[in-house]
Amino acid sequence: NRTNQTVVKCIIDMCHSLQVECVAEGVENQEQLELLTSFGCTAIQGYYYSKALPPEEFLEYISRLPKQNKR
């Protein structure tokens, strides 16, 4: 809802102002992902990407991801 979106946007803005990385947890769908990225959140985790994985499966999972330029 609108109130929750305003709170989330304020938290992300506050993190940016303090130069602290903001990680959105629990993202489950495309709509949530798009909203958070539109607010400037760049660190996102949740079931949208994957369930929690043991270390071995995590390494296999990330090895299949497309390579991206590091900042």
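Residues numbered from 1 in each chain as written. Predicted model: local features only at pLDDT ≥ 70, side-chain atom pairs only at ≥ 80, totals over all residues. Heavy atoms only, no water.

Trainee: Explain the overall build of the chain here, please?
Mentor: A count of helical and extended segments in the chain gives 3 helices and 2 strands. A globule of 71 residues ought to have a C-alpha radius of gyration of about 11 Å, yet the chain, at 14 Å, is considerably larger. Based on the C-alpha atoms only, the size of the chain along its principal axes is roughly 40 × 30 × 20 Å. A total of 71 residues make up the chain; the buried ones form 18% of that total. Counting only contacts in the chain whose residues sit at least 6 apart along the sequence, the fraction spanning at least 24 positions is 25%. By element, 53% of the accessible surface of the chain is carried by carbon and sulfur atoms, the whole surface being about 6,100 Å². Taking the 7 positively charged and 9 negatively charged side chains of the chain as two groups, their mean positions are separated by 6 Å. (Helix = DSSP H or I, 4+ residues; strand = E, 2+ residues; numbered from the N terminus. Rg over C-alpha atoms; globule rule 2.2 N^0.38 Å. Buried < 20%, exposed > 50% of the residue type's maximum accessible area, 1.4 Å probe, protein only. Contact = heavy atoms within 4.5 Å. Areas by Shrake-Rupley, 256 points an atom, 1.4 Å probe, with all protein chains shown as cover. Lys, Arg positive; Asp, Glu negative; His and termini not counted. Charge placed at Lys NZ, Arg CZ, Asp CG, Glu CD.)

Trainee: Quick question: what am I supposed to make of the state of the cysteines here?
Mentor: Disulfides are covalent bonds that link the sulfur atoms of two cysteine residues. Applying the stated criterion across every chain, the model contains 0 disulfides. Note on Cys-22: no disulfide assigned, nearest cysteine sulfur contributed by Cys-15 at a separation of 4.1 Å. A relative accessible area of 15% places Cys-22 in the buried class. Free of any disulfide, Cys-41 has its nearest neighbouring cysteine sulfur in Cys-22, separated by 4.4 Å. Cys-41 sits in the buried class, given a relative accessible area of 3%. (Disulfide = S-S within 2.5 Å.)

Everything listed here is a matter of coordinates, which is why it stays silent on function.
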